[in-house]
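# Secondary and tertiary structure notes
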Amino acid sequence: MAFRKFEKPIFVIFVEKIFFLYLYFIMNDLSNISNLNFGAIPLKRVRVSKYDNKSKKFLPQEANFVILDKKNQNDITAINALPKLWEKAKFIKPICTDTNWSISKEYINIYAVTLQKNNFDKLNPNLILGMADMREQQLDGNELSYLQVKPTARNLNSPYKMYKGVGSSVIKGLKKTYDQIYLTSIEDENTEMFYKNRGFIPVLKQVGDFVWYKNNLKKLKQHLDNLYLKLKFASAKFFIYN
C-alpha cells in the first residue's frame, strides 16, 4: 500500500515563517535589553528660590536633582549645549569634556539640578540651573571635580539674582548620594566659606582641600585627631632642624 506524501499548504508555511521571524526579533530585543538607555534619572526633589518681581521676594520653587545617563545621546547633547548658553561659566567646558569621557570612564558621574518635572529622557538644557562632576573612588575618596551654577540666572532688570540656593541644592543632592565627598584646590575665600558652611572641613594635605563625611561627628573627631598628630609631628621636625 503506497502512502501519499503530505504537503503543507502554502498558507501554513507562510504563517510559520512569520511566526519564527517574530520569535527571532523578540529574542534579539531581549538579548539587547541591557543596552537600552533611559535618559536622566531623578534622584531627589530639591528646593531653590526664585525671585518674584511682584512681591520683590524670593519664593520657594521645586527642582529635581538628577544623574545623567552616560550612554544617552539626548543627555550628552543637552550638556554639550550649555557652553553657549552659559558663556561666563568657568567650569562648564571641563564638565562637558568629562560628560563625553564618562561613556568610557565608569568612575565619572555627572549630576544636574533642573526645573524640569518630567520627560527626563529628553533633558532640556534651558531648564538646568546647576551641574556637578563627580569622580568616584579616587585616591582621596569620591572627588567633586567641578560644581557650576548657571551664571546667567539673573533678572537683567534687577540687581537680584533670579535664583538662589542652586549650589546648596546640588550639595544636598550629592550628600544624599555619597557617604563622603572630597574636593580640591579652592582658592577663593567666598567659595571656601560656601563649603565650610555646608559641613566640609579642611584637609591638612594641601591648602584649599576639603572633605565631608556623612557621619560627620565621628569622622570629624577622627580627622581632627589625625590633624593634631600631623601638626605635632611637623612642629617637632621644625624645632629639630632649626
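Everything below is about the structure shown above.
Each value, and the rule that gives it
Residues numbered from 1 in each chain as written. Predicted model: local features only at pLDDT ≥ 70, side-chain atom pairs only at ≥ 80, totals over all residues. Heavy atoms only, no water. Helix = DSSP H or I, 4+ residues; strand = E, 2+ residues; numbered from the N terminus. Buried < 20%, exposed > 50% of the residue type's maximum accessible area, 1.4 Å probe, protein only. Contact = heavy atoms within 4.5 Å. Areas by Shrake-Rupley, 256 points an atom, 1.4 Å probe, with all protein chains shown as cover. Core = buried A, V, L, I, M, F, W, Y, C linked by side-chain atoms within 4.5 Å. Lys, Arg positive; Asp, Glu negative; His and termini not counted. Salt bridge = Lys/Arg side-chain N within 4 Å of Asp/Glu carboxyl O. Pairing = 2+ DSSP bridges. Axes fitted to C-alpha atoms, helices over the stretch in contact; angles between N-to-C directions. Parallel < 35°, antiparallel > 145°, perpendicular 65-115°, else oblique. Left-handed = near helix turned anticlockwise from the far one by under 90°. Nonpolar A, V, L, I, M, F, W, Y, C, P; charged D, E, K, R; others polar.

Our focus in this paragraph is the overall build of the protein chain. Each helix and strand in the protein chain was counted, giving seven helices and nine strands. The buried share of the protein chain, reckoned over its 242 residues, is 34%. Within the protein chain, contacts between residues separated by at least 24 positions form 60% of all contacts whose residues are at least 6 apart in sequence. With the model as given, the accessible surface of the protein chain reaches about 16700 Å², and the carbon-plus-sulfur share is 57%.

A few words now on the nonpolar core. Within the largest apolar cluster, 27 residues are counted, with the highest numbers of intra-cluster contacts made by Tyr111, Leu144, Leu174, Ile181, Tyr195 and Phe200. No other element matches the four residues that helix H5 (residues 166-177) contributes to this core. Apart from the residues lying within four places of it in its own chain, the contact partners of Leu174 are Phe65, Tyr111, Ala132, Met134, Leu144 and Ile181.

On to the side chain of Asp133. In this structure, Asp133 sits in strand E4 (residues 128-138). Here Asp133 is buried and forms no salt bridge, its nearest opposite-charge partner Arg135 lying at an N-O distance of 4.6 Å. Each residue touching Asp133, except ones within four places of it in the same chain, is listed here: Pro94, Ile95, Asp98, Ile108, Asn109, Ile110, Glu143, Leu144, Ser145 and Tyr146.

Bridge count between strand E1 (residues 41-52) and strand E2 (residues 57-67): 11 bridges; the pairing is antiparallel. Bridge pairing in E2 places Val48 opposite Gln61. Two successive antiparallel strands, E1 and E2, enclose a turn made up of four residues, where Lys56 displays a positive phi of approximately 60 degrees. Note: E2 against strand E3 (residues 108-114), four bridges, orientation antiparallel. Among the inter-strand pairings, Val66 is bridged to a residue of E3, identified as Ala112.

Applying the stated criterion to the full structure yields five salt bridges. Lys214 is the partner of Asp179 in a salt bridge, and the nearest nitrogen-oxygen pair spans 3.8 Å. Taken together, the residues span a long stretch of sequence, with Asp179 in the loop between H5 and strand E7 (180-183) and Lys214 in the loop between strand E9 (210-213) and helix H7 (216-241) at a distance of 35 residues. Assessed through its relative accessible area of 52%, Asp179 is described here as exposed. Taking the relative accessible area as the measure of exposure, Lys214 reaches 52% and is therefore exposed.

Before going further, it helps to spend a moment on the side chain of Asp75. Note that Asp75 resides in helix H2 (residues 73-80). It turns out Asp75 is buried and unbridged, and the closest side chain with the opposite charge, Lys122, is 11 Å from it. Ignoring any residue separated from it by four or fewer positions in sequence, one finds Asp75 in contact with Gly39, Ala40, Leu68, Asp69, Phe120 and Leu123.

With that settled, consider the packing of H2 against helix H4 (residues 92-101). H4 packs onto H2 with a crossing angle of 165 degrees between their chain directions and a minimal axis gap of 9 Å. Compared by their axis directions, H2 and H4 come out roughly antiparallel. You can see that H2 and H4 cross each other, and the crossing is left-handed. Between H2 and H4, the residues in contact are Ile76, Ile79 and Asn80 and Cys96, Thr99 and Asn100, respectively. Class assignment of the residues belonging to the contact of H2 with H4 gives a composition of three nonpolar, three polar and no charged.

Its identity is not glycine, yet Lys56 carries a phi of approximately 60 degrees, on the positive side. With respect to the element layout, Lys56 can be found in the loop between E1 and E2. If you check the backbone angles, Asn119 has positive phi at about 50 degrees while not being a glycine.

On to the environment of Gly199. Mapped onto the elements, Gly199 comes out in the loop between helix H6 (189-196) and strand E8 (201-202). Separated by 12 residues in sequence, Gly199 and Val211 have C-alpha atoms that sit 8.5 Å apart.

Read these as spatial facts, not as claims about activity.
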